[in-house]
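Residue-level structure breakdown
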Amino acid sequence: MTTRTVNTTEELAAFLRSRRERLDPDRLGLPAHRRARRTPGLRREEVAELAGVSTDYVVRLEQGRGLRPSAEVLAALARALRLAPGERDYLFDLAGRRRPGSTGGGAAAGPAPSLARLVDDLSPLPAMLMDHRYDLLAWNPEMARLLPDFDAVPPARRNAMRLCLLHPAMRSFYADREQVLRDGVAHLRAAWAADPEDRALSGLIAEFVTQDEDFARLWSEREVSVNGRGRKLLRHPVAGAITVDFEVLLPLQDPGLRLLVYRAADEESRASLDRLCTR
């Protein structure tokens, strides 16, 4: 199936346009005579000048005319557009090149037995192991009890993003659902750019874009920056409010996998987690 979510040429063009349009010419110190403009952000000729390429080259890139920029040109464009590290990786992935110094590597076919055991060994901390698609590969009893109605979800449907978007019991689980979705969408976009031929991932994205307005809105924003640690306020239907600090760890030999660990952020949350996990 061919959709916008699997066309890297179109996405590269749209991503470059979106990053050019978000830049403030005043903050870049451009000459005053250049500042009268009809559209937001920089002009193409300004990006071309900053990157040291021709304006026609930038035009053809933004029109999706099948160019394959070199690593040097991509690095120059990233500097000109003031891309963050995650955005630079995304740009290189879209162009079919790895940024110099990046490791690459996709998810393993399945979790190593030692990783699955590690998830169990992390008890009583709630923990789970996911692949690059957010499919849930392993979890400990504490995480299963923390996620509402987790046991009622068929194994084939146990995907963290699908649960958050489409499972009714999860819609009010996260106090800041918008940020959780934003982080998840950003990760999936980066994962897709790294492996656009992953049909299972492309199918998931197409499903979410079609079935959930929030996902479709966030997907169109083309954010690729992901929080690897932070704090969440959870609203459990039995245990009540629980504040957790989370950490996302990437195994060195399986960088496509994600180990998510929760820790209670305060004594009240710790007591609530203890009561929930000993029920």
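Attention here is on the structure that accompanies the text. Treat the numbers as computed from the prediction; the structure is a model and nothing was measured.

This next bit is on the packing of aromatic side chains. Two aromatic rings, taken as a pair, are described by how far apart their centres are and by the angle between their planes. Evaluation of the coordinates by the stated rule reveals six aromatic pairs. With a centroid separation of 5.0 Å and an interplanar angle of 70°, the aromatic rings of Phe173 and Tyr174 are classed as edge-to-face. Exposure remark for Phe173: the relative accessible area of 0% places this residue in the buried category. What makes Tyr174 buried here is its relative accessible area of 10%. Where Phe208 meets Phe215, the ring centres are 5.3 Å apart and the plane angle is 65°; that geometry is what we call edge-to-face. In this structure Phe215 comes out as buried when scored by relative accessible area, which is 1%. Taken together, Trp192, Phe208, Phe215 and Trp219 form an aromatic cluster joined through their ring pairs. Positioned above the aromatic ring of Phe246 is the side chain of Lys232, whose terminal nitrogen or guanidinium carbon lies 4.8 Å from the ring centre.

Now for the side chain of Ser269. Within the secondary structure layout, Ser269 lies in helix α12 (residues 267-277). Of note is the side chain of Ser269, whose polar atom sits 2.9 Å from the backbone nitrogen of Thr243. In this structure Ser269 touches Ile242, Thr243 and Ala264, once residues within four positions along its chain are discounted.

In this section: the nonpolar core. In this structure, Leu91, Leu146, Met161, Tyr174, Phe215, Leu234 and Tyr262 are the most contacted members of the largest nonpolar core, which totals 64 residues. Considering every element that reaches this core, the biggest residue donor is helix α9 (residues 177-194), with seven residues. Core analysis: the next-biggest nonpolar cluster, separate from the first, contains eight residues, Ala127, Ala138, Leu257 and Val261 among them.

Definitions and limits used
- Residues numbered from 1 in each chain as written.
- Predicted model: local features only at pLDDT ≥ 70, side-chain atom pairs only at ≥ 80, totals over all residues.
- Heavy atoms only, no water.
- Phe/Tyr/Trp six-rings, centres within 6.5 Å; stacked < 30°, edge-to-face > 60°.
- Buried < 20%, exposed > 50% of the residue type's maximum accessible area, 1.4 Å probe, protein only.
- Lys NZ or Arg CZ within 6 Å of the ring centre and 35° of its normal.
- Helix = DSSP H or I, 4+ residues; strand = E, 2+ residues; numbered from the N terminus.
- Polar contact = N/O pair within 3.5 Å; in protein donor to acceptor, adjacent residues only side chain to side chain.
- Contact = heavy atoms within 4.5 Å.
- Core = buried A, V, L, I, M, F, W, Y, C linked by side-chain atoms within 4.5 Å.

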